[in-house]
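Observations on chain architecture
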Amino acid sequence: MRSVPTLLALSLLAAGASFATAAHAAEGDDRFAIRLGAMNIDSDNTIRGKTNVAGQDIALNQDFKLGGKEWEPRIDGMFRISNRQRLLFNYFKYDKDRRETLDQGISFGGENVPAGSFVKGELKYQVASLVYDYSVVDTDTFDLGLQIGGEYAKVSTKGYADLGTVYEGQFLNEKADGIAPVVGARMTFTPSERWMITLQGQYLNTRWGSFDDYKGDLSRANAIVDYRLTKNFGVFAGYDWFKLDVDKKGSDGTVGLKQEFKGPVAGISFVF
């Protein structure tokens, strides 16, 4: 007959093993997960350029705003191949336009710009990626993964002005899209059965892929906190940041575009 101390020790050992399994269950046993949410985006945009007109060098470096913040869809998912191997997918889009209208006419340099004249701009931005993630560290409460995969990015900017007799027409029409390899890293903390904290960063260089004459890079970082309400359903919140910085060199000069998107994210998650 086993002694009471022996039974107590076995019970404590079983309870400890049960707790470790539960702590890892929030992330370690999931086969498939998807987050559906939105990002409250604040964008900063800079257009820069350099050209030569009549033998004179002209340079431009102009910041422009597209108005207030707005919510845009954001999707990411995970498919677990094995304990250490995952496929991660994410998609993000931003579509914004703005129009500025002149309430009163103005005059400068002998030219008159009438009331009702306007300038309008449009910005569209999409990023989708699929990466392979391998956990170089895999414990019950902490996971460190290294990533490699492919990323698709598409950006287009347009500008149109109607300034009466001074100018009318499109003054900006730049677009680019392509696919390139992306590298990244991920850290996941699982402090309890219901909570999971994920930190992630990714980097892409346009020279690695098919972005025509555009040269630059795309960077991304985010922090997400998940809370599991049930075994298969949860909510999440966090912060996401993207930055695109590219230049294109042509026969008539160079045009560059830097765009930064940042803001809080929130949504729901489904886990199976």
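Quick summary incoming for the structure in this document.

Calculation notes
- Residues numbered from 1 in each chain as written.
- Predicted model: local features only at pLDDT ≥ 70, side-chain atom pairs only at ≥ 80, totals over all residues.
- Heavy atoms only, no water.
- Helix = DSSP H or I, 4+ residues; strand = E, 2+ residues; numbered from the N terminus.
- Buried < 20%, exposed > 50% of the residue type's maximum accessible area, 1.4 Å probe, protein only.
- Contact = heavy atoms within 4.5 Å.
- Areas by Shrake-Rupley, 256 points an atom, 1.4 Å probe, with all protein chains shown as cover.
- 1 Å grid on protein atoms, 1.4 Å probe; cavity = no way out; pocket = protein on both sides within 12 Å on 5 of 7 lines; lining within 4 Å.
- Points joined across faces, edges and corners; volume = space filled by probe spheres on them.
- Nonpolar A, V, L, I, M, F, W, Y, C, P; charged D, E, K, R; others polar.
- Phe/Tyr/Trp six-rings, centres within 6.5 Å; stacked < 30°, edge-to-face > 60°.
- Lys NZ or Arg CZ within 6 Å of the ring centre and 35° of its normal.
- Polar contact = N/O pair within 3.5 Å; in protein donor to acceptor, adjacent residues only side chain to side chain.
- Salt bridge = Lys/Arg side-chain N within 4 Å of Asp/Glu carboxyl O.
- Patch = residues over 30% accessible without salt bridge, like charges linked within 9 Å, V, L, I, M, F, W, Y side chains within 5 Å.
- Lys, Arg positive; Asp, Glu negative; His and termini not counted.
- Charge placed at Lys NZ, Arg CZ, Asp CG, Glu CD.

1. Quick look at the overall build of the chain
Within the chain one finds one helix and 13 strands. Reading the chain from its N end, one meets helices and strands in the order α-β-β-β-β-β-β-β-β-β-β-β-β-β. For the chain, buried positions account for 34% of its 272 residues. When contacts within the chain are restricted to residue pairs at least 6 apart in sequence, long-range pairs at least 24 apart make up 64% of them. Carbon and sulfur atoms provide 59% of the accessible area of the chain, an area that totals close to 15200 Å².

2. Details of the environment of R31
Inspection of the secondary structure assignment puts R31 in the loop between α1 (4-28) and β1 (32-53). Setting aside its immediate chain neighbours within four residues, R31 contacts M78, F79, R80, I81 and F272.

3. Some remarks on empty space enclosed by the protein
All chains considered together, the criterion is met by three cavities of 30 Å³ or more. Broken down by element, the residue count for the lining of the largest cavity peaks at six residues, all from strand β11 (residues 214-228). Broken down by class, the residue content of the lining of the largest cavity amounts to 13 nonpolar, 10 polar and 11 charged.

4. Some remarks on the packing of aromatic side chains
For the structure on display, the rule yields 10 aromatic pairs. Taken together, a centroid distance of 6.0 Å and an interplanar angle of 70° make the contact between F92 and Y125 edge-to-face. Of this pair, F92 sits in strand β4 (residues 85-101) while Y125 sits in strand β7 (residues 118-138), and the two are 33 residues apart along the sequence. Its relative accessible area of 1% is what places F92 among the buried residues. Taking the centre distance of 4.6 Å and the plane angle of 55° together, the rings of W195 and Y227 count as tilted. Here Y227 lies in strand β11 and W195 lies in strand β10 (residues 195-205), a separation of 32 residues in the sequence. These aromatic residues form a ring-pair network of at least three members: F92, Y94, Y125, F242 and F261. Over the ring of F236 we find R35; its NZ or CZ atom is 5.7 Å from the centre of that ring.

5. Side note on the environment of K93
Topologically, K93 is positioned in strand β4. Classification of K93 by relative accessible area gives partly exposed; the value is 24%. Taking the C-alpha atoms as reference points, K93 and R74, 19 residues apart in sequence, are found 7.1 Å from one another. When sequence neighbours within four positions are dropped, the list of residues in contact with K93 reads I41, E72, P73, Y125 and Q126. In terms of polar contacts, K93 uses its side chain to reach the side chain of E72, at 3.4 Å.

6. Some remarks on the pattern of salt bridges
Scanning the model with the defined rule gives 12 salt bridges in all. Here R35 makes a salt bridge to D76, at a shortest N to O gap of 2.8 Å. Of the two residues, R35 is situated in strand β1 and D76 in strand β3 (residues 70-80); the sequence distance between them amounts to 41 residues. Overall, R35 belongs to the buried group, its relative accessible area being 14%. In this structure D76 comes out as buried when scored by relative accessible area, which is 9%. Ionic pairing is found between D76 and R74, a salt bridge with its closest N-O pair at 2.6 Å. Both residues of the pair, D76 and R74, belong to the buried class. Among the charged side chains, a network of salt bridges with common partners joins R35, R74, D76, R220, D226 and D240.

7. Overview of the environment of K175
Among the secondary structure elements, K175 is positioned in strand β9 (residues 168-189). The exposure class of K175 is exposed, given its relative accessible area of 64%. Considering only alpha carbons, one finds K175 and V155, 20 residues apart in sequence, at a separation of 5.6 Å. Sequence-distant contacts of K175, defined by excluding residues within four places in its chain, comprise V155, S156 and Y214.

8. Here's the deal with the side chain of S43
Its place among the elements puts S43 in strand β1. On the basis of relative accessibility, which here comes to 6%, the residue S43 falls in the buried class. A polar atom in the side chain of S43 sits 3.3 Å from the side chain of Y94.

9. A short note on a positive patch on the surface
A surface patch of like charges, here positive, comprises K124, K154, K158 and K175. Looking at where K124 falls in the secondary structure, it is placed in strand β7. Assessed through its relative accessible area of 36%, K124 is described here as partly exposed.

Any link to function would need more than the numbers given here.
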